[in-house]
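An overview of the molecular structure
Spelled out, the chains give:
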Amino acid sequence: MHATMKTAEFMRSMVPVSRFNKGEAAKIFDEVSRAGIKIAVKNNKPACVLLSPEKYEAIMEELEDLELMMVAEKRLAEDSPTYSQDEVMQRLGITQSDIDAAEDVEIA
């Protein structure tokens, strides 16, 4: 995902709030589904950003990846000992086949 939006893309993504007042919400939501993003403008100023669920999920995943990277970089900078996956598995007494046989777990 690109963090910046070109001027032309930005202008096309803008939608006046008055369109909602004219009963065009369904049409605007269809535009969001196609484009992924729309910026609602009130009094010529951005009022809110409308995102498709897919675009929102992609942004949240990217943010989570960035946060994990920052934690990893901080830990590496602390000059703490590091261990390979094989070392950790040996210390815990588990094998690759134990991992392969385990159920998928989602941590929230």
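Reading the values: the criteria
Residues numbered from 1 in each chain as written. Predicted model: local features only at pLDDT ≥ 70, side-chain atom pairs only at ≥ 80, totals over all residues. Heavy atoms only, no water. Pairing = 2+ DSSP bridges. Helix = DSSP H or I, 4+ residues; strand = E, 2+ residues; numbered from the N terminus. Axes fitted to C-alpha atoms, helices over the stretch in contact; angles between N-to-C directions. Buried < 20%, exposed > 50% of the residue type's maximum accessible area, 1.4 Å probe, protein only. Salt bridge = Lys/Arg side-chain N within 4 Å of Asp/Glu carboxyl O. Phe/Tyr/Trp six-rings, centres within 6.5 Å; stacked < 30°, edge-to-face > 60°. Lys NZ or Arg CZ within 6 Å of the ring centre and 35° of its normal.

As for the sheet that holds strand 3 (residues 45–51)
- As summarised here, the arrangement of the three strands in space is 1-2-3, forming an open sheet in which the pairing is mixed. Both outer strands of the open sheet, strand 1 (14–16) and strand 3, are each paired with one neighbouring strand and no more. Strand-to-strand twist across the sheet, computed as the mean angle between neighbouring axes with direction ignored, equals 35°.

Side note on the pairing of strand 2 (residues 37–42)
- Within strand 2, five of the six residues are buried, which leaves the element mostly enclosed by the surrounding structure.
- Two strands pair when backbone bridges link them, and strand 1 and strand 2 are joined in this way by three bridges, in the parallel orientation. The residue bridging valine 15 from the neighbouring strand is alanine 40, located in strand 2.
- As paired strands, strand 2 and strand 3 are joined by six bridges and run antiparallel to one another. Bridging from a neighbouring strand, valine 41 pairs with proline 46 of strand 3.

Notes on the pattern of salt bridges
- Using the criterion set out here, one finds three salt bridges in the structure.
- Here glutamate 24 ties to arginine 19 by a salt bridge, and the two come within 2.7 Å at their closest N and O atoms.
- Judged by relative accessible area, which is 23%, glutamate 24 ranks as partly exposed.
- In this structure arginine 19 comes out as buried when scored by relative accessible area, which is 16%.
- Glutamate 31 is the partner of arginine 19 in a salt bridge, and the nearest nitrogen-oxygen pair spans 2.8 Å. Here glutamate 31 lies in helix 3 (residues 25–35) and arginine 19 lies in helix 2 (residues 18–21), a separation of twelve residues in the sequence.
- One salt-bridge network, held together by shared partners, links Arg19, Glu24, Glu31 and Lys38.

Describing the packing of aromatic side chains
- In this structure the tally under the stated criterion is one aromatic pair.
- Taking the ring centre of tyrosine 83 as reference, the NZ or CZ of arginine 91 above it sits at 4.1 Å.

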